[in-house]
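One-letter residues, chain by chain:
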Amino acid sequence: MLTETIGPVITEELLRRLDVAGPRYTSYPTADRFVDAFGPADYIQALQQRSQGPGLIGGGSPLSVYVHIPFCESLCYYCACNKVVTKHHERAAEYLDALEREIDLHVAQLGRGRPVSQLHFGGGTPTFLSDAELTRLMGKLRDAFRVAPGAETSIEVDPRTVDESRLQHLASLGFNRLSFGVQDFDPAVQQAVHRVQSRESVAALMATARRLGFESTNVDLIYGLPRQTPESLARTVQQVAELRPERIALYSYAHLPTRFKPQRRIDATALPKPEDKLRMLSGAIAGFVGHGYQYIGMDHFALPGDALAAAKRQGRLHRNFQGYSTQPDCDLIGLGVSAIGRIGATYSQNAKTLTEYYDALQQGQFPVVRGLALTRDDLLRRAVIMAIMCQGRLDFESVALAHLVEPKQYFANELEQLRRLEQDGLVELEPEAVQVTPLGWYFIRSVAMVFDRHLQADRARERFSRII
């Protein structure tokens, strides 16, 4: 069991060596590799290729749609999301106008009624929008796309911005999954990051969500926050586990104040040491597993009856820009400022500022400002990295059949690098496979990073968070 092996195996020397900066691999290549040369014309070409039918592009396969709502009423100091902090709710009207233009541009390229199997509202704070505004947006989306029966329709919720009537309205709009941003229940930690909310309020909302028939609730937590200790996080873990959300996401706080201005308000001297962060991760995994949750991998837990746990057991787990998912690899349309999409063998990202986003749409153009057309090598390495991140196993035969390469020759240098990780107890190198060990899940990003050609060629990793 993972929690039984970590104590005697992880040494301070191993921790120091492996606790480096690295990607989270919600995509490969990672978003920092997107280039400005990829623009609206390239995005249109990808959409047209998709609309021309099945095949490699998969014209008839269901879509995933992500909608980014950037507005927040107050600033959380840890936040690295693209957001606009304002109490002026009237700003949402102009944003909805722009979203509708962007949706219309997609319909013009793809046709109306393309099936959608996954719809997610993120932010920012999607519940910044009023009931009427949410109704308007969902109506527009359902007019443009055909949300398939049984589709996963989720929305991120700030518990401070909703009540029972708001949850009831979300249910009436067809949302069947909620993600509550909690981060930590400890009052001292909440004050340090400027996000104060009580456990009682979250518990009441979760009880209401169950009564209203939501299929699943998720709770987001962060470890490594200022004034957080292994002991204080253990109390939060206990409190969250008692609420029994179907899923839990536990993220490592990435302190990058040079990149994210709000984090400059955090007292760096109050941040926990790397060894304490490891104790937090170890303790959280032990705590949630002890309460009956299954460890999905890296940052996700789920109750055994949840679809995410079933996907892990059956080898159907996937990973996209929102983290681990039950959805097969499918094209993703990103709507809104800074949203990232994936169409065929391309990635694209919208403008990061409202001004730039609005300007493009007022000119009748997609607001795509950067992206990437993947090479054959990128596609191969993406498959390998996702197999490691999702299944914890890389089978050479399946790679050979899918990509027409001899993996042991193609990845000869990478397999040699893995021998060091094998000595550390993180992987087992079998004759025809690479198997991640239970201990290796703590450092799964280290294993994946070996196959990242871009990262291996460029060791400037300051742009990434640390692994622990």
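What you are looking at is a predicted structure, and each value in this text was computed from that prediction instead of being measured.

Rules and cut-offs
Residues numbered from 1 in each chain as written. Predicted model: local features only at pLDDT ≥ 70, side-chain atom pairs only at ≥ 80, totals over all residues. Heavy atoms only, no water. Helix = DSSP H or I, 4+ residues; strand = E, 2+ residues; numbered from the N terminus. Rg over C-alpha atoms; globule rule 2.2 N^0.38 Å. Buried < 20%, exposed > 50% of the residue type's maximum accessible area, 1.4 Å probe, protein only. Contact = heavy atoms within 4.5 Å. Areas by Shrake-Rupley, 256 points an atom, 1.4 Å probe, with all protein chains shown as cover. Pairing = 2+ DSSP bridges. Axes fitted to C-alpha atoms, helices over the stretch in contact; angles between N-to-C directions. Expected span 1.5 Å × (residues − 1). Core = buried A, V, L, I, M, F, W, Y, C linked by side-chain atoms within 4.5 Å. 1 Å grid on protein atoms, 1.4 Å probe; cavity = no way out; pocket = protein on both sides within 12 Å on 5 of 7 lines; lining within 4 Å. Points joined across faces, edges and corners; volume = space filled by probe spheres on them. Nonpolar A, V, L, I, M, F, W, Y, C, P; charged D, E, K, R; others polar. pLDDT = per-residue confidence, 0-100. Phe/Tyr/Trp six-rings, centres within 6.5 Å; stacked < 30°, edge-to-face > 60°. Lys NZ or Arg CZ within 6 Å of the ring centre and 35° of its normal. Polar contact = N/O pair within 3.5 Å; in protein donor to acceptor, adjacent residues only side chain to side chain. Salt bridge = Lys/Arg side-chain N within 4 Å of Asp/Glu carboxyl O.

A.B. asks: Tell me about the overall build of the chain, and please be specific about residues and values.
C.D. replies: Each helix and strand counted, the chain has 18 helices and 19 strands in total. What you see for the chain is a C-alpha radius of gyration of 22 Å, in line with the 23 Å of a compact globule of 468 residues. Once the C-alpha set of the chain is aligned to its principal axes, its extents read approximately 55 × 55 × 40 Å. A burial count over the chain gives 57% of its 468 residues as buried. Residue pairs at least 24 apart in sequence account for 74% of intrachain contacts in the chain once pairs closer than 6 positions are excluded. In the form shown here, the chain has an accessible surface area of approximately 19,100 Å², with 51% of it arising from carbon and sulfur atoms.

A.B. asks: I'd like a description of the sheet that holds strand E18 (residues 427–430), backed by residues and values.
C.D. replies: With respect to topology, three strands assemble into an open sheet ordered E17-E19-E18, the strand pairing being antiparallel. Edge positions in the sheet fall to strand E17 (393–395) and E18, since each of these pairs with one other strand and no more. Direction aside, the axes of adjacent strands within the sheet are offset by 15° on average. Pairing of E17 with strand E19 (residues 433–436) involves three bridges; the strand directions are antiparallel. In the strand pairing of E19, arginine 393 is matched with glutamine 435.

A.B. asks: If you had to explain helix H9 (residues 230–243) to someone new, which residues and values would you point to?
C.D. replies: End to end, H9 covers 20 Å across 14 residues, agreeing with the expected 20 Å (1.5 Å per residue, within 8%). For H9, the complete set of buried residues consists of Pro230, Ser232, Leu233, Thr236, Val237, Val240, Ala241 and Leu243. Downstream of H9 by a residue or two, arginine 244 has a phi angle that is positive, lying close to 60°.

A.B. asks: Requested: an account of the environment of arginine 265, with residues and values cited.
C.D. replies: Relative to the helices and strands, arginine 265 resides in the loop between strand E8 (247–252) and helix H10 (274–290). Looking at arginine 265, the relative accessible area reads 56%, which means it is exposed. The spacing of arginine 265 and valine 405 is 140 residues in sequence and 50 Å in space, taken between C-alpha atoms. Every residue in contact with arginine 265, bar those within four places of it in the chain, is listed here: Leu75 and Tyr77.

A.B. asks: Would you mind going over the nonpolar core in detail, with residue names and values included?
C.D. replies: One recurring pattern in soluble globular proteins: nonpolar side chains tend to sit buried together. Formed by 118 residues in total, the largest nonpolar core has its most connected members in Val67, Phe121, Leu137, Leu141 and Phe288. The greatest single-element share of this core, amounting to nine residues, is contributed by helix H4 (residues 91–110). Those residues within four positions of valine 67 in sequence are excluded, and the remaining contacts are Leu99, Leu119, His120, Phe121, Gly122, Leu137, Leu141 and Leu335. One finds Leu75, Tyr77, Val189 and Leu225 within the second-largest nonpolar core, a separate group that totals 12 residues.

A.B. asks: Give me the side chain of histidine 169: which residues, what numbers.
C.D. replies: Tracing the backbone shows histidine 169 in helix H6 (residues 164–172). Residue classification places histidine 169 among the buried positions, given a relative accessible area of 18%. Ignoring anything within four residues of it in the chain, the contact list for histidine 169 reads Asp131 and Thr135.

A.B. asks: Describe in detail the layout of surface pockets, supporting the description with residues and values.
C.D. replies: Taken as a whole, the second largest pocket encloses approximately 1,000 Å³ of empty space. Elements with a contribution of two residues or more to the lining of the second largest pocket: strand E11 (318–320), helix H13 (376–391), E17 and helix H14 (396–403). Within the lining of the second largest pocket, the residues separate by chemical class into 19 nonpolar, 14 polar and seven charged.

A.B. asks: Explain the environment of valine 399 to me, using residue names and the numbers behind them.
C.D. replies: Here valine 399 is to be found in helix H14. Residues valine 399 and glycine 22, spaced 377 residues apart in sequence, show a C-alpha to C-alpha distance of 24 Å.

A.B. asks: Give a description of the confidence of the model for the chain that names residues and reports values.
C.D. replies: Looking at the chain, the pLDDT average stands at 90 and 93% of residues meet or exceed 70. The model gives residues 1–8 a pLDDT under 50, and that stretch makes 15 contacts with residues more than four places away or in other chains. Within the model, the stretch residues 55–59 combines pLDDT values under 50 with 10 contacts to residues more than four positions away or in other chains.

A.B. asks: How would you sum up the packing of aromatic side chains? Please name residues and give values.
C.D. replies: Within this structure, the stated rule accounts for 13 aromatic pairs. The interplanar angle of 35° and the centroid separation of 5.8 Å between the aromatic rings of tyrosine 95 and tyrosine 357 together place this pair among those described as tilted. Here tyrosine 357 lies in helix H12 (residues 354–362) and tyrosine 95 lies in helix H4, a separation of 262 residues in the sequence. In terms of burial, tyrosine 95 and tyrosine 357 fall into one category: buried. The interplanar angle of 80° and the centroid separation of 5.8 Å between the aromatic rings of phenylalanine 321 and tyrosine 347 together place this pair among those described as edge-to-face. Of the two residues, phenylalanine 321 is situated in the loop between E11 and strand E12 (323–325) and tyrosine 347 in strand E15 (residues 346–350); the sequence distance between them amounts to 26 residues. Three or more aromatic residues joined by ring pairs make a cluster, and in this case those are Phe71, Tyr95, Phe128, Tyr357 and Tyr358. Above the ring of tryptophan 441, the side-chain terminus of lysine 312 is found at 4.9 Å from the ring centroid. The aromatic ring of tyrosine 324 is capped on one face by arginine 319, whose charged end is 4.5 Å from the ring centroid.

A.B. asks: Account for the side chain of glutamine 197, with residues named and values stated.
C.D. replies: Take glutamine 197: it is sitting in the loop between helix H7 (187–193) and helix H8 (199–211). Overall, glutamine 197 belongs to the buried group, its relative accessible area being 6%. A polar atom in the side chain of glutamine 197 sits 3.0 Å from the backbone oxygen of glycine 181. Glutamine 197 has contacts with Asp158, Pro159, Arg160, Gly181, Val182 and Gln190, leaving out every residue within four places of it along the chain.

A.B. asks: Quick one: what's the story with the pattern of salt bridges, residue by residue and with numbers?
C.D. replies: For the structure shown, the criterion picks out 26 salt bridges. Note that aspartate 104 is salt-bridged to lysine 140, the shortest N-O span being 2.7 Å. With aspartate 104 in helix H4 and lysine 140 in helix H5 (residues 131–144), the pair connects residues that are 36 residues apart, well separated along the chain. Relative accessible area serves as the criterion here: at 37%, aspartate 104 is assigned to the partly exposed category. Through salt bridges with shared partners, one network takes in Asp377, Asp378, Arg381, Glu414 and Arg453.

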